[in-house]
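# Coordinates in review
Each chain, written out:
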Protein chains: 2
Amino acid sequence: MANKASKVSETVIRRLPIYHRYLTEIIDKDIERISSSELSRLTGFTASQIRQDLNNFGGFGQQGYGYNAVDLRSQIDKILGMDNTYKTIVVGAGSLGSAVSKYGDFRASGFKIEALFDVNEDLIGKKIDGIEILPYNDMKEYIKENNIDVAIVTVPKQNAMEVINLLMESGIKGIWNFAPIDIHVPIDSKVVVENIRLNDSLLKLSYYLKEKSKED
Amino acid sequence: MANKASKVSETVIRRLPIYHRYLTEIIDKDIERISSSELSRLTGFTASQIRQDLNNFGGFGQQGYGYNAVDLRSQIDKILGMDNTYKTIVVGAGSLGSAVSKYGDFRASGFKIEALFDVNEDLIGKKIDGIEILPYNDMKEYIKENNIDVAIVTVPKQNAMEVINLLMESGIKGIWNFAPIDIHVPIDSKVVVENIRLNDSLLKLSYYLKEKSKED
């Protein structure tokens, strides 16, 4: 089963959070069952695509009855590892780091923030939502001593590479990176990296705004 | 030319900000010229893919000489509409809205923040980096009177749909959406929407962390 799941393509994995989001909406509306064609209407993927995606993990639907929304979501929770808890730190306690620390959905997903780190002495010792800001120089040791799983990187571009390198050496398992740099992870690395590319997204918006304005 | 550019596929558009990012790194290192094979090594795309992408916009490279990094970046700037200025508001002046307002790269991209809006009376009248927080009830009128182009939505999930609907009615041209909802834009709509899916990204990270842990 572990091996089977490992082979699932990145495209399928990218769609699972989307199913998860819609299932939550459905559950919030007290709807019990949903068919693949209703899921298709909501998500824009074809019904056969949806059935195929969910079959990757063992097919929980029943022909003609659709899926039980709560069951399906809890299966997806398990597939996505949302039943796990990850000890997490935030590197960079500026406005973005502070926003991420307060981000509700984030906390609900099993990532538990243990500490923030910063180089700015004015910030050290202060707290954000009860979580203390510690000196960046102590970070590597802290990660090892406290078995931290995940680091969220919200430092400016010019400090990002140094921070990432230090994290790679520290035995961290995952990095959620907000800095606008590309992280080259060696193939044999055990570190999982997921990037949020704010600037790339903004440039896409800029492009489509320009194109739309030509249509007028 | 306008028509030609309009036909460029979304996959190409998605790669342009990546070229832009690497070109900026190269320019920062005072490197003048770059070949498609060097760009390939940096970005991971094939050299022929890169040449093909850039040919979409008129091919600025010279066989055997590579690209002039500054020229190529400024061409990409133009293609992405980065020479345009967009009058922008931020809806939601909480920690995320405040972080986005302070985000440097964002300001450099031609999006100029004119005001923030919030329902929270304690925030109204306060300033974030010199930009005033105004009452949400005045937003629609403000957009029309000030010809606002773009709204950045950083409100919580439960308020997001209402905010999006109001924005759609207000004549806004673009929405940069951070709320974890899907926006269904009518096909004939003139509004461009670009989403940042923090939660989807986090669930992907969670999945790959789980998969890596199985390998141990």
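Higher on the page you've got the structure.
These figures come from a predicted structure and were not determined experimentally.

### Some details on the overall build of chain A
- Looking only at helices and strands, chain A has ten helices and nine strands in total.
- Counting only C-alpha atoms and orienting by the principal axes, one finds that chain A spans roughly 60 × 50 × 35 Å.
- Counting contacts in chain A only where the partners sit at least 6 residues apart, residues at least 24 apart contribute 57% of the total.
- When the 27 positive and 30 negative side-chain charges of chain A are each reduced to one mean point, those points stand 5 Å apart.

### Quick notes on the interface of chain B and chain A
- Taken residue by residue, the interface counts 66 residues in chain B and 65 residues in chain A.
- Here chain B packs against chain A, burying approximately 6,200 Å² in sum over the two surfaces, 60% of which is carbon and sulfur.
- One can count four salt bridges joining chain B with chain A.
- Two residues, Arg21 of chain B and Asp200 of chain A, come together in a salt bridge whose shortest N-O distance is 2.6 Å.

### Some points on the layout of surface pockets
- Space inside the largest pocket adds up to approximately 1,900 Å³.
- Taken together, 44 residues line the largest pocket, and the ones lying closest to its centre are Arg14 and Lys204 of chain A together with Arg14, Glu194 and Asn195 of chain B.
- For the lining of the largest pocket, the elements supplying multiple residues, two or more each, are α2 (10–28), β9 (192–195) and α10 (198–215) of chain A together with α2 (10–28), β9 (192–195) and α10 (198–215) of chain B.
- Across the lining of the largest pocket, the residue classes tally to 18 nonpolar, seven polar and 19 charged.

### Considerations on the sheet that holds strand β3 (residues 86–91) of chain B
- Reading across the sheet, the seven strands line up as β5-β6-β4-β3-β7-β8-β9 (chain B) and stay open at both edges, with mixed pairing between neighbours. The open sheet terminates on both sides in strands that have one partner only, identified here as β5 (127–128) and β9 of chain B.
- Relative to strand β6 (residues 131–135) of chain B, β5 of chain B is paired through two bridges, and the arrangement is antiparallel. Looking at β6 of chain B, one finds that Ile128 of chain B is bridged to Ile131 of chain B.
- Along the sheet, α10 of chain A makes contact with β3, β4 (111–118), β7 (150–153), β8 (174–177) and β9 of chain B, crossing β9 of chain B at roughly 170°.

### Observations concerning the relation of the copies chain B and chain A
- Overlay of chain B on chain A (RMSD 0.0 Å): rotation 180°, translation along the axis 0.0 Å. Expressed as an axis order, the relation between the two copies is that of a two-fold axis.
- Taken together, the interface assignments show that 98% of the residues at the interface of chain B recur at the interface of chain A, consistent with an identical surface on both copies.

### Considering the packing of α2 of chain A against helix α4 (residues 47–55) of chain A
Residue and element names in this part refer to chain A.
- Two elements in contact, α2 and α4, have axes whose closest approach is 11 Å; the angle formed by their N-to-C orientations is 105°. One element, α2, and the other, α4, form an angle in the roughly perpendicular class. Facing α2, whose interface residues are Val12, Arg15, Leu16 and Tyr19, α4 presents Gln49, Ile50, Asp53 and Leu54.
- Among the residues making up the contact of α2 with α4, the classes are represented as five nonpolar, one polar and two charged.

### Notes on the packing of aromatic side chains
- What the rule picks out here adds up to ten aromatic pairs over all chains.
- Ring centres of Trp176 of chain B and Phe178 of chain B lie 4.9 Å apart, and the angle between their planes is 80°; this geometry places the pair in the edge-to-face category. Phe178 of chain B matches Trp176 of chain B in its accessibility class, with the two residues each being buried.
- The lysine or arginine in question, Arg15 of chain A, covers the ring of Phe45 of chain A, its NZ or CZ lying 5.5 Å from the ring centre.

### Topic: unusual backbone geometry
- A positive phi angle, close to 45°, is found at Asn147 of chain A, a residue other than glycine.
- Looking at the secondary structure, you find Asn147 of chain A in the loop between α8 (139–145) and β7 (150–153).
- Accessibility expressed as a relative area gives 56% for Asn147 of chain A, which makes it exposed.
- Although it is not a glycine, Asp129 of chain B adopts a positive phi angle of roughly 50°.

### With respect to the pattern of salt bridges
Residue and element names in this part refer to chain A.
- Inspection of every chain in the model, using the stated rule, returns 14 salt bridges over all chains.
- With its nearest N and O atoms 2.6 Å apart, the salt bridge here joins Asp53 to Arg15. In this pair, Asp53 sits in helix α4 while Arg15 sits in helix α2, placing the two residues 38 residues apart along the sequence. A single burial state applies to Asp53 and to Arg15, both of which are buried.
- Note that Glu169 is salt-bridged to Lys140, the shortest N-O span being 3.1 Å. Residue Glu169 is located in helix α9 (residues 157–169), and its partner Lys140 is located in helix α8; the two are separated by 29 residues in the primary sequence.
- Judged by relative accessible area, which is 28%, Lys140 ranks as partly exposed.

### Brief notes about the sheet that holds strand β6 (residues 131–135) of chain A
- Strand order in the open sheet formed by seven strands is β5-β6-β4-β3-β7-β8-β9 (chain A), with mixed pairing between adjacent strands. Two strands lie at the open edges of the sheet, namely β5 (127–128) and β9 of chain A, each paired on one side alone.
- Taken together, the six bridges between strand β3 (residues 86–91) of chain A and strand β4 (residues 111–118) of chain A define a ladder with parallel strand orientation. In the strand pairing of β4 of chain A, Lys87 of chain A is matched with Lys112 of chain A.
- Running over the sheet, helix α6 (residues 95–102) of chain A touches β3, β4, β5, β7 and β8 (174–177) of chain A and is turned about 160° from β4 of chain A.
- Most of the contacts of α10 of chain B go to β9 of chain A, to which it runs at about 170°, and overall it touches β3, β4, β7, β8 and β9 of chain A.

Criteria and thresholds
- Residues numbered from 1 in each chain as written.
- Chains lettered and ligands numbered in written order.
- Predicted model: local features only at pLDDT ≥ 70, side-chain atom pairs only at ≥ 80, totals over all residues.
- Heavy atoms only, no water.
- Helix = DSSP H or I, 4+ residues; strand = E, 2+ residues; numbered from the N terminus.
- Contact = heavy atoms within 4.5 Å.
- Lys, Arg positive; Asp, Glu negative; His and termini not counted.
- Charge placed at Lys NZ, Arg CZ, Asp CG, Glu CD.
- Buried area = accessible area lost by both parts, 1.4 Å probe.
- Salt bridge = Lys/Arg side-chain N within 4 Å of Asp/Glu carboxyl O.
- 1 Å grid on protein atoms, 1.4 Å probe; cavity = no way out; pocket = protein on both sides within 12 Å on 5 of 7 lines; lining within 4 Å.
- Points joined across faces, edges and corners; volume = space filled by probe spheres on them.
- Nonpolar A, V, L, I, M, F, W, Y, C, P; charged D, E, K, R; others polar.
- Pairing = 2+ DSSP bridges.
- Axes fitted to C-alpha atoms, helices over the stretch in contact; angles between N-to-C directions.
- Least-squares fit on C-alpha atoms with pLDDT ≥ 70 in both.
- Parallel < 35°, antiparallel > 145°, perpendicular 65-115°, else oblique.
- Phe/Tyr/Trp six-rings, centres within 6.5 Å; stacked < 30°, edge-to-face > 60°.
- Buried < 20%, exposed > 50% of the residue type's maximum accessible area, 1.4 Å probe, protein only.
- Lys NZ or Arg CZ within 6 Å of the ring centre and 35° of its normal.

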